[in-house]
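Below, each chain spelled out in residue letters.
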Amino acid sequence: MVDMPLEKTTGAENVIWDLSIFYKSVDDPAIEQDMQTITKEVDAFAATYKGRVASLTADELLTAIKTLESIYDKTGRIENFASLLYATDTADPKYGALVQKVTEYDSALGQKIVFFDLEWNNADDAVAKKLLDDPKIAHYRHMLEATRRYKPYQLSEIEEQLLSEKSVTGRSAWTRFFTQLTGAIRLDYEGQKLTMTQVLTHLYSPDRETRRKAAESVTAGLKDKSMELTYIFNVLAADKASDDKKRGYPSWVSSRNLSNKAPDEVVNALIQSVTGNYGIVAQHYKLKRQLLGLDELTDYDRYAPLPIKESDAFYTWDEAKEIVLTAFRGFSPRIAEISQRFFDENWIHAPVLPNKRGGAFCALAVPSAHPFVFVNFEGKARDVQTLAHELGHGVHAYLAGEAQGLFGLHTPLTTAEMASTFGEMLVFTDLMNKESDPEVRLAMLGHKIEDTFATVFRQISMNRFEDGLHTARRTEGELTTDRINELWMNSQKAMFGDSVNLSENYGRWWSYVPHFLHTPGYVYAYSFGELLVLALFNIYRERGAAFVPQFVEVLAAGDSDWPEKILSKVGVDLTDLNFWNEGLAAIQDLVNQETELAKQVYPNKVK
Ligand SMILES: [Zn+2]
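The model shown is predicted, which means the values in this text are computed figures rather than measured ones.

## A look at the overall build of the chain
Turning to step 1, where the next piece is worked out: Assigned secondary structure in the chain consists of 26 helices and 5 strands.
Turning to step 2, where the next piece is worked out: Whereas a compact globule of 607 residues would reach a radius of gyration of roughly 25 Å, the chain reaches 26 Å, a difference of no more than 12%.
Turning to step 3, where the next piece is worked out: Expressed along its principal axes, the backbone C-alpha trace of the chain runs to roughly 75 × 60 × 60 Å.
Turning to step 4, where the next piece is worked out: Expressed as a percentage of the 607 residues in the chain, the buried residues total 51%.
Turning to step 5, where the next piece is worked out: The contacts in the chain between residues at least 6 apart in sequence include a share of 76% that link residues at least 24 apart.

Set out below in C-alpha cells:
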C-alpha cells in the first residue's frame, strides 16, 4: 500500500438528498409518460388559445394562466430531477442523456407556447388595463404587467423571427467564437503551456516573482490574440447598437435594466454612490501594501495573500449545521425552522465526490416540491458560510413558493441574493464574535473585504468600462485596441486611485472577460444585490426585532411585484442615494476595523 494522506471525515459523507419527490430513478418510466401527457396538454392549450389571447375574458385568462402554471410546474419537476441527478455525477452517461433529452423537449414546448406572451403584449392598452385591474386575476397581475414592459420594444412577428434566426450566425456565433478562442489559448509559463485559468491562479501565490511572471504570461497571451479579440468586441458592440436602435431602447443599458426590473434612476443612484466611494478601495490596498512590506502595490499584487496566520478551524457537518441554525434562530425562529427541514428531510447534498460538480447552488425547484441545496463540504470556515448562503436561497424560495406559487418564485437578479447574502452575514458575524485571536480576525476581515470589493466595486468599475465602450463605439465608430485599453485603464484607475500602480500591460485585461460579451450590462447586478443586503443588515442592527417580520414578508413576496415596491415595505427607497451610501458605510466600517486591528497586531508595519 502506498501511504495516502487520509482526508479527514466531516460527517457530510452520508448527507445525500432524496429526489424521490420527483421520480424513483433515471430509468423511471413515469418520466417518459409525463412528457407525453404534458405534450398533449400543451397542444390542447395552443389549440384553445392561439389567436385569442387578446380577446379573452378575465375568467378565461385566469383559466389559461392556471393551465400554464400547472404545465410549467410539471416540466419543472422533470428538469429539476434531471439537472440535480446530473450535478451529483456528471460522468454518468444516463444522467447526461436525460439532461440533453429534457433540454430538447423544453425547447420544443417553448416554441409551442411562445404565442401567449406575444399575443398578450399585442393586446391594446385599454383592453390589457381592464383585465389587469380585474380582481379575479390579482394573483397574476404582476406577471402579466411585467410581460408587457417589453411591448414598446417588441417588433413585428416576422422581424422577431428574422432577428432570432439571424442571431444564430450573428451574436451567438461571435460569442461562441470568443469562448472557443479564449478557451484554446495556451500561455507560456515557466516552460509549460497552460490555460488562462491555470495561470491566473498564480496571482494568488505568496511569491511576488511568481505573480509577476503569471501576469506577464497572461498579458502576452492576450497581446497575441489582440486582433481577434478587438474585432469581436467591436462587432458585438455594433450589433448591440443596431438592435437597440431598431427596438428603440434609449441607451445601451436600458434593455438590461428592464430585464432586471431596475428603473434607470435606481441604477444611476447605485453607480453614483459606488463611484463616489472608491476611496474605500484605496484605503484597503494602502493597508495591504504595508502589511506585505512592499514599496508599491502593482496590479499583480492585488490578490497576494497576507503573510499572517489563517484560521485552521475545522468544522464537522454537525458543527456547521449547529452554527448556521443557531445564527438563523437568533434572527428568526421561522427561518431557522424552515432551514431545519433541509437537514431533517434530506433536501441537501453535501459530500465531495469524484464526479460531482464543483461549487454550491440552491435549486429553487417548483412549489409542488421544495428547494434543494447542493454543496461540497470540506469543513472549512468558508464552507460554513457557503452552507448559510445556500440555505438562505432555500428559505427565500420556500417562502416565495408557498406564498406566490410558481410565477412569483424567481426574483430578478438584483434581489435574488437578498436572503443568501443576509444569511452569510449572520454567520460571519457569529464566527467573528467567537474568534479571539486578533491575527486570525484580521485574516477573516481581509477575506470578507476582498470578497465584498469583488462584488461591489470591481463590478461597478467594469460597468463604467462597458459604458465607455458602448458609448465610444456608438459615437466614434470602430475602436482600436489602444482605444479600448485606454477606456479600461480609465475605469480601473478611477477605482484604485493611487493605491495600486497599474502597469501598461494591465491595459489589455478587459479582453478575456466573458460577461461583457455574453450578457452586456449584467455586472452591476452583483453590486446592487450586495449593497442592498449590507444596507438591510444595517437596518436590522438599528431596528432589531421589529425588522425581522418585515424582512420575512419581503422574502415571501418573491417576484409578486416590482422590487422597489416590495422593498418599500421595510422602508427602503432604492432611488435614494443615501440608501446606497448606507451599504457603503458598512463596507467602510469593515475597512476601518481592519485598519485598527492591523495597527494593533503589526504596530511596526502599519502607520
Ligand atoms: Zn447566491
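The discussion continues.
## Brief notes about unusual backbone geometry
Turning to step 1, where the next piece is worked out: Look at Lys261: it is not a glycine, yet its phi comes out positive at around 55°.
Turning to step 2, where the next piece is worked out: For Lys261, the position within the fold is in the loop between helix H12 (254-259) and helix H13 (264-275).
Turning to step 3, where the next piece is worked out: Unusually for a residue other than glycine, Asn346 sits at a positive phi of about 60°.
Turning to step 4, where the next piece is worked out: On the basis of relative accessible area, Asn346 is assigned to the partly exposed category, the value being 38%.

## Topic: the coordination of the zinc ion
Turning to step 1, where the next piece is worked out: Around the zinc ion, the donor atoms from the protein are His389 (NE2), His393 (NE2), Glu417 (OE) and Glu417 (OE), and they sit 2.1 to 2.7 Å away.
Turning to step 2, where the next piece is worked out: Of note is the zinc ion, whose 4 donor atoms meet at the metal with angles of 51 to 138° in an arrangement that counts as irregular.
Turning to step 3, where the next piece is worked out: All donors to the zinc ion come from one chain, and their sequence spacing reads H-x3-H-x23-E. Placement of both His389 and His393 in helix H17 (residues 381-404) is noted, with a separation of 4 residues, approximately one turn of the helix.
Turning to step 4, where the next piece is worked out: Since its relative accessible area comes to 13%, His393 is described here as buried.

## Describing the packing of helix H10 (residues 208-224) against helix H11 (residues 226-247)
Two quantities define a packed helix pair, namely the angle between the helix axes and the distance between the axes.
Turning to step 1, where the next piece is worked out: Contact geometry for H10 and H11: axes closest at 5 Å, N-to-C directions at 70°. One element, H10, and the other, H11, form an angle in the roughly perpendicular class. On H11, the residues that touch Leu222, Lys223 and Asp224 of H10 are Ser226, Glu228 and Leu229.

## Notes on the packing of H13 against helix H23 (residues 524-543)
Turning to step 1, where the next piece is worked out: It is at 11 Å that the axes of H13 and H23 come closest, and there the two elements cross at 80°. In this view, H13 runs roughly perpendicular relative to H23, as classed from their interaxial angle. Of H23, the residues touching H13 (which contributes Val266, Val267, Leu270 and Val274) are Tyr524, Ser527, Phe528 and Leu531.
Turning to step 2, where the next piece is worked out: Residues belonging to the contact of H13 with H23 are distributed by class as follows: 7 nonpolar, 1 polar and no charged.

## Quick notes on the packing of aromatic side chains
Turning to step 1, where the next piece is worked out: Under the definition given, this model contains 44 aromatic pairs.
Turning to step 2, where the next piece is worked out: Centroid distance Phe115 to Phe116: 6.4 Å. Interplanar angle 80°. Geometry classified as edge-to-face. Across this residue pair, the class does not change: Phe115 and Phe116 are buried.
Turning to step 3, where the next piece is worked out: Pairing Trp317 with Phe377 gives two aromatic rings, centres 5.1 Å apart and planes at 85°, and the pair type is edge-to-face. Here the residue Trp317 occupies a position in helix H15 (residues 317-331), and Phe377 occupies one in the loop between strand E5 (372-374) and H17, the gap between them amounting to 60 residues.

## Describing the sheet that holds strand E4 (residues 361-363)
Turning to step 1, where the next piece is worked out: With mixed pairing, 3 strands are arranged side by side in an open sheet as E3-E5-E4. Strand pairing shows two members of the sheet lacking a second neighbour, strand E3 (348-349) and E4, which therefore form its edges.
Turning to step 2, where the next piece is worked out: Two elements, E4 and E5, share 3 bridges in a ladder whose sense is antiparallel. Residue pairing in the sheet places Phe361 in a bridge with Phe374 of E5.
Turning to step 3, where the next piece is worked out: With respect to the sheet, H17 is in contact with E3, E4 and E5, its orientation differing from that of E4 by roughly 20°.

## Here we look at the nonpolar core
Turning to step 1, where the next piece is worked out: Formed by 197 residues in total, the largest nonpolar core has its most connected members in Trp317, Phe422, Phe457, Trp509 and Leu536.
Turning to step 2, where the next piece is worked out: Of all the elements, helix H20 (residues 438-476) adds the most residues to this core, at 14 residues.
Turning to step 3, where the next piece is worked out: The contact partners of Trp317, leaving out residues within four places of it in the chain, are Thr10, Gly11, Ala12, Val15, Phe343, Ile348, Ala350, Val375, Phe377 and Leu387.

## A word on the pattern of salt bridges
Turning to step 1, where the next piece is worked out: In the structure shown here, the tally under the stated rule is 34 salt bridges.
Turning to step 2, where the next piece is worked out: For the salt bridge of Asp133 with Arg141, the shortest nitrogen-to-oxygen distance reads 2.9 Å.
Turning to step 3, where the next piece is worked out: The partly exposed category is assigned to Asp133, whose relative accessible area is 40%.
Turning to step 4, where the next piece is worked out: For Asp498, the salt bridge identified is with Lys286, shortest N-O distance 3.1 Å. With Asp498 in the loop between helix H21 (481-496) and helix H22 (515-518) and Lys286 in helix H14 (residues 279-292), the pair connects residues that are 212 residues apart, well separated along the chain.
Turning to step 5, where the next piece is worked out: For Lys286, a relative accessible area of 36% corresponds to the partly exposed category.

## Describing the confidence of the model for the chain
Turning to step 1, where the next piece is worked out: For the chain, the mean per-residue pLDDT works out to 93, and 99% of the residues sit at or above 70.
Turning to step 2, where the next piece is worked out: Low pLDDT, under 50, characterises residues 1-6; the stretch is placed with 0 contacts to residues that sit more than four places away or in other chains.

Calculation criteria
- Once a new chain begins, its residue numbering starts again from 1 and follows that chain's sequence as written.
- At least 70 in pLDDT is required for a residue's local features to be given in this predicted model, at least 80 for side-chain atom pairs to be given and counted, and no such filter applies to totals for whole chains, interfaces and linings, which use all residues.
- Calculated side-chain values reflect all of the structure's heavy atoms, with hydrogen atoms and water omitted.
- The helix and strand labels rest on DSSP assignments: H or I over at least four residues marks a helix, E over at least two residues marks a strand, and numbering proceeds from the N terminus.
- Note that the radius of gyration is over C-alpha atoms, with the globule rule given as 2.2 Å times the number of residues to the power 0.38.
- Any residue under 20% of the maximum accessible area for its type is buried, any over 50% is exposed, and the rest in between are partly exposed; the area is computed with a 1.4 Å probe on protein chains only.
- Only heavy atoms matter for contacts: two residues are in contact if any of them lie within 4.5 Å across the pair.
- Donor atoms are limited to N, O and S found within 2.8 Å of the metal ion, a distance that becomes 3.2 Å for Na, K and Ca. With water left out, some sites might look partial.
- Any site counts as irregular unless it has four donors with all angles between 85 and 135 degrees, making it tetrahedral, or four or six donors with opposite ones more than 155 degrees apart and the rest between 65 and 115, making it square planar or octahedral.
- To define axes, lines are fitted to C-alpha atoms, for helices over the stretch in contact only, and angles between the resulting N-to-C directions are given on a 0 to 180 degree scale.
- Orientation labels follow simple angle bins: below 35 degrees gives roughly parallel, above 145 gives roughly antiparallel, 65 to 115 gives roughly perpendicular, and whatever is left gives oblique.
- When residues are sorted by character, Ala, Val, Leu, Ile, Met, Phe, Trp, Tyr, Cys and Pro go into the nonpolar class, Asp, Glu, Lys and Arg into the charged class, and all the rest, Gly among them, into the polar class.
- A pair of Phe, Tyr and Trp rings is counted when the ring centres sit within 6.5 Å of each other, with Trp represented by its six-membered ring. The angle between the planes then sorts it: under 30 degrees is stacked, over 60 is edge-to-face, the rest tilted.
- Pairing between two strands requires that DSSP report at least two bridges joining them.
- Definition of nonpolar core: a set of buried residues of the types Ala, Val, Leu, Ile, Met, Phe, Trp, Tyr and Cys, connected through side-chain atoms within 4.5 Å.
- By salt bridge we mean one thing: a side-chain nitrogen of Lys or Arg within 4 Å of a carboxyl oxygen of Asp or Glu.
- pLDDT is defined as a per-residue confidence score from the predictor, taking values between 0 and 100.

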